[in-house]
Amino acid sequence: MSSTAAEPRLLLVTGLSGAGKSTVLKVLEDLGWEVVDNLPLALLEALIDAPAKRSEANRPIAVGIDSRSRGFKPARLVKRIKDLREDGGRDIQTLFLDCAGAELERRFSETRRRHPLAEDRPAADGIARERELMEPLRRWAEHVIDTTNYSSNDLQQEIRQRFGDAEEGEPVLNILSFGFARGLPRNADLVFDMRYLRNPHWDPKLKPGTGLDREVAAYVMADPAYEDSVSQIERLILTLLPRYRAEGKSYVTIAFGCTGGRHRSVHVADRVAKTLRAAGHAPTLTHRNLDSAPQDGLEGKPPPASSAGDRQS
């Protein structure tokens, strides 16, 4: 059977217990997807075929499947997906949610839930057993999200970026600022390091502010390297975006980092987002560490006292 425009998109949502499947399915439902959780695998094909007979034929479907699902056998499921793609021409993708074992243990401890594969043993045993069981699906999945360092809001935003509506053919574009001292973003496609620009943190008047403040922005822009380097970054991004589109990339995250994530990276990310909007793109702008308190210990050593005049200029 060949695929037609009426056939719905299908996303299998799976992964480790506690990694965020319920959150993902709730967001997809909010985005207009038809959501089914813990469906017995024997009913999967019937669910795929049923929407083609209804008026909402193009409504995408998300199916939650994990180790609790009746008849769950990952290798068999992978084979079934292959058959449905090759013989049925279905648009089927897999999203796998991963997470570090220690973080999963913490989550199960906080919620006082028992791991579904642990039975009467520690959660760590169930996590290890499930990780081994799920490995075929992880290798197969087109989308893998590691939620170890994600809050619930972080995961919701990630799903909206990946699976929310976008202009036909255009990747969902996110511009992100962050602080290297607080960890690299896990899912960035491009990362630009802004730590070569002079740091407003060491100016007592500017330290409490952020890169969105006019005085802080002026300080960063006064760096001799600023205009040429940032302009080149903007030209590079504008060159790459059509290539990403041509390759069918569904989302692009471009991250700008400085030490604390409050001044230089925030200003540059804000500028680049405005440049991209002026060029006809529609980026989402996120400042990951904007609300973090400034800390001298994160910023390394201050510049030499001899350059104080330059810093105040």
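Scroll up to find the structure.
### Let's talk about the layout of surface pockets
It is a probe the size of a water molecule, rolled over the atoms, that shows where empty space is left. Within this model, the second largest pocket holds a volume of roughly 450 Å³. Residue lining of the second largest pocket: 23 residues in total, with G18, A19, G20, K21 and R113 positioned closest to the centre. In terms of residues, the lining of the second largest pocket owes the most to one element, helix α4 (residues 101-111), which gives 6 residues. Of the residues in the lining of the second largest pocket, the class split is 5 nonpolar, 10 polar and 8 charged.

### Topic: the sheet that holds strand β8 (residues 251-258)
Strand order across the open sheet formed by 4 strands is β7-β8-β6-β9, with parallel pairing between neighbours. A single partner strand is all that each edge strand has here, and the edge strands are β7 (190-193) and β9 (284-287). Between one strand axis and the next, the sheet turns through 15 degrees on average, direction left out of account.

### Quick word on the pattern of salt bridges
Note that side chains of opposite charge can pair when their charged atoms are close. Per the stated rule, a full pass over the model turns up 11 salt bridges. The partner of R271 in a salt bridge is E234, with the nearest N and O atoms 3.0 Å apart. With R271 in helix α9 (residues 264-278) and E234 in helix α8 (residues 226-246), this pair connects stretches of sequence that are 37 residues apart. Each of the two residues, R271 as well as E234, counts as buried. The structure contains a network of salt bridges with shared partners spanning K21, D37 and D66.

### With respect to the environment of R9
Relative to the elements of secondary structure, R9 occurs in the segment before β1 (10-15). You can call R9 partly exposed: its relative accessible area is 29%. Along the chain, R9 and R59 lie 50 residues apart, while their C-alpha atoms are 7.4 Å from each other. If we ignore the near neighbours within four places in the chain, the residues touching R9 are W33, P60, I61, D91, Q93 and F163.

### Some remarks on helix α1 (residues 21-30)
Among the residues making up α1, those that are buried are K21, V24, L25, V27 and L28. Each buried residue of α1 sits inside an arc of 160 degrees when the element is viewed along its axis, so together they form one side. Those residues of α1 that are buried are in contact with β1, β2 (34-37), β3 (61-64), β4 (92-98) and α6 (152-163). Directly beyond the C-terminal end of α1, a positive phi value near 100 degrees is found at G32.

### A word on the packing of aromatic side chains
Scanning all chains against the criterion turns up 3 aromatic pairs. Seen from their ring centres, F192 and F256 are 5.4 Å apart, and the 20 degrees between their planes marks the pair as stacked. Note that F192 is positioned in strand β7 and F256 in strand β8, a separation of 64 residues in sequence. The two residues F192 and F256 agree in class, both being buried.

### Some thoughts on α4
Residues of α4 that are buried: E103, L104, R107 and F108. The buried residues of α4 occupy one face: seen down the axis, they fall within an arc of 135 degrees. Exposed residues on α4 whose side chains face more than 90 degrees from its buried face are A102, S109 and E110. Summarising the contacts, the buried residues of α4 are in contact with α5 (123-140). A positive phi of about 60 degrees marks R112, the residue just after α4.

### Here's the deal with the pairing of β8
A large share of β8 lies buried, amounting to 8 of its 8 residues. Side chains of β8 alternate between two faces, with Y251, T253, A255 and G257 and V252, I254, F256 and C258 buried alike. As paired strands, strand β6 (residues 172-179) and β8 are joined by 8 bridges and run parallel to one another. Within the sheet, the bridge partner assigned to I175 lies in β8 and is I254. Across 4 bridges, β7 lies against β8 in parallel orientation. Looking across to β8, one finds that D193 is bridged to G257.

The rules behind the values
- Residues numbered from 1 in each chain as written.
- Predicted model: local features only at pLDDT ≥ 70, side-chain atom pairs only at ≥ 80, totals over all residues.
- Heavy atoms only, no water.
- 1 Å grid on protein atoms, 1.4 Å probe; cavity = no way out; pocket = protein on both sides within 12 Å on 5 of 7 lines; lining within 4 Å.
- Points joined across faces, edges and corners; volume = space filled by probe spheres on them.
- Helix = DSSP H or I, 4+ residues; strand = E, 2+ residues; numbered from the N terminus.
- Nonpolar A, V, L, I, M, F, W, Y, C, P; charged D, E, K, R; others polar.
- Pairing = 2+ DSSP bridges.
- Axes fitted to C-alpha atoms, helices over the stretch in contact; angles between N-to-C directions.
- Salt bridge = Lys/Arg side-chain N within 4 Å of Asp/Glu carboxyl O.
- Buried < 20%, exposed > 50% of the residue type's maximum accessible area, 1.4 Å probe, protein only.
- Contact = heavy atoms within 4.5 Å.
- Arc of directions from axis to C-beta.
- Phe/Tyr/Trp six-rings, centres within 6.5 Å; stacked < 30°, edge-to-face > 60°.

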